[in-house]
Amino acid sequence: MRKKSNKKGEILTENIIFLILNLVFLSILAIFLFSRTASAAVLEERYAKQIALALDAAESGMIIHLEMGDALKMAEKNSINFGTIVTIRENIVTVRLRDGAGYSYSFFNNAQITARFDTESEEKYYFVIE
Amino acid sequence: MNKKGDKLISVYWFVILFIVAAAIVYMVHTFYGKPYDVRQIEADLLISKIARCVSEGGYLKEGVFGEDFKGNFGNFCNLNLQVEDSYGWREQEQYYLGVEILKFDSYEKVLSLQEGNKQLKDFCGQNEKNFPICLERSLYSLDKEGNSYKINLISIVRKTEKNVY
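As the structure is a computational prediction, the values presented were derived from the model and not from experiment. All residue numbers here refer to positions counted from 1 along the written sequence of the relevant chain. Think of it this way: whatever chain is written first is A, whatever ligand is written first is 1, and the rest follow in order. Since the coordinates come from a predicted model, pLDDT governs what is reported: local features require at least 70, and pairs of side-chain atoms require 80 or more to be given and counted, while whole-chain, interface and lining totals use all residues. Only hydrogens and water are set aside; all other atoms, that is, all heavy atoms of the structure, feed into the side-chain values.

### Some thoughts on the side chain of K159 of chain B
The topology assignment puts K159 of chain B in the segment after β6 (148–157). Judged by its relative accessible area of 0%, K159 of chain B falls in the buried class. Polar contact criterion, stated in full: a pair of N or O atoms within 3.5 Å, where within protein one must be able to donate a hydrogen and the other to accept it, and residues adjacent in sequence count only if both atoms are side-chain atoms. A distance of 2.9 Å separates polar atoms of two side chains, one belonging to K159 of chain B and the other to Y95 of chain B. Note on contacts: a residue pair is in contact if any heavy atoms of the two residues lie within 4.5 Å. Excluding anything up to four places from it in sequence, K159 of chain B contacts Y105 and S106 of chain A together with R39, E42, V83, W89, Q94 and Y95 of chain B. Under the scheme used here, helices are H or I runs from DSSP no shorter than 4 residues and strands are E runs no shorter than 2 residues, and both carry numbers assigned from the N terminus. Only protein chains enter the area calculation, which uses a 1.4 Å probe; residues under 20% of their type maximum are buried, those over 50% are exposed, and those in between are partly exposed.

Dropping the structure here:
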């Protein structure tokens, strides 16, 4: 004897599975996009190059303020001390937002440059060119 | 309700979804998978710095024909061409700078100086993305006596590994 199926229930289940699959699919895509665009590696490279170019263009006596809100959030997430995110040794700038060596890029300005975390705003770094 | 047709539509829906997702993943990977190429800006900044070092306000700077400038114009212009120790860059210089000063009327060469990796010059004029970035600029300047000069500048930045791949 054939069992009579509950057609209404079947349609509802199919639709729910279809919706869940769609949501799972879109969530995976969103996670992928977020991980690629806002990863620590991308931010490290972006800020290291940005700082190097700003310092290349700088002249003695200047102070450059750089807004680094997204980098600071990433550093906080990875338990990195804010004061050690940007370091300058000789003419090489290194940005570190996670465990590891960070990303380094050289600049050609031979001036004496120091990088300091702005403890007042807690969102900026500033660079003193002497 | 046509159930077979419904199933077919949902299969097509997923096929379309996969195609769209694949396109987005490909585009994101293409854009973010490569490093930011800042060499053009770097070469531009370098050449501007040399130009400001050689000439200011339309006049040649003092000391341009002096021994300090001839001996090491990188130092004279407050430049440090050392680079980070990665990809063997310390053994192979990543910059080349050239300054040429000619008399404006006769095009007689008065001064010609070079600094950095001379081999990089061979790559200029070839439009390959893996090659170093070359930038040439010319400007005119006067000395104190009012003699006019043409100054040709060239700056080349390699740093391919951190800017192309």
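And the narrative resumes.
### Observations concerning the state of the cysteines
Residues and elements named next belong to chain B. Pairs of cysteine sulfur atoms within 2.5 Å are identified as disulfides in what follows. Counted according to the given criterion, the structure contains 2 disulfides over all chains. Disulfide partner of C53: C77, at an S-S distance of 2.1 Å. In this structure the cystine formed by C53 and C77 twists about its S-S bond by roughly -80 degrees; its chirality is therefore left-handed. Of the two residues, C53 sits in helix α2 (residues 39–54) while C77 sits in the loop between α4 (73–76) and β3 (95–103), which places them 24 residues apart along the sequence.

### Some thoughts on the side chain of T94 of chain A
All names here are of chain A. Relative to the elements of secondary structure, T94 occurs in strand β3 (residues 92–95). Exposure remark for T94: the relative accessible area of 15% places this residue in the buried category. Among the polar contacts listed, one links the side chain of T94 to the side chain of S104, at a separation of 2.8 Å. When neighbours within four sequence positions are excluded, T94 is seen to be in contact with I85, V86, T87, A101, G102, Y103 and S104.

### Remarks on the interface of chain A and chain B
On the side of chain B, 35 residues touch chain A, which itself brings 31 residues to the contact. We define buried area as the total accessible area lost by two parts upon association, computed with a 1.4 Å probe and summed across both. With both chains or domains summed, chain A and chain B bury close to 3,100 Å², and 62% of this area falls on carbon and sulfur atoms. Looking only at chain A, the three residues that lose the most surface to chain B are F25, Y105 and F108 of chain A, adding up to 22% of its buried area. Here a salt bridge means any side-chain nitrogen of Lys or Arg lying within 4 Å of a carboxyl oxygen belonging to Asp or Glu. The interface formed by chain A and chain B holds 1 salt bridge in total. Residues R52 of chain B and E59 of chain A are paired through a salt bridge, measuring 2.9 Å at the closest nitrogen-oxygen approach.

### Remarks on the domain arrangement of chain A
Entries for chain A in the domain assignment read domain 1 (1–37) and domain 2 (40–129). Between the C-alpha centres of domain 1 of chain A and domain 2 of chain A the distance comes to 45 Å. Per the annotation, domain bounds derive from an automatic or database assignment of domains.

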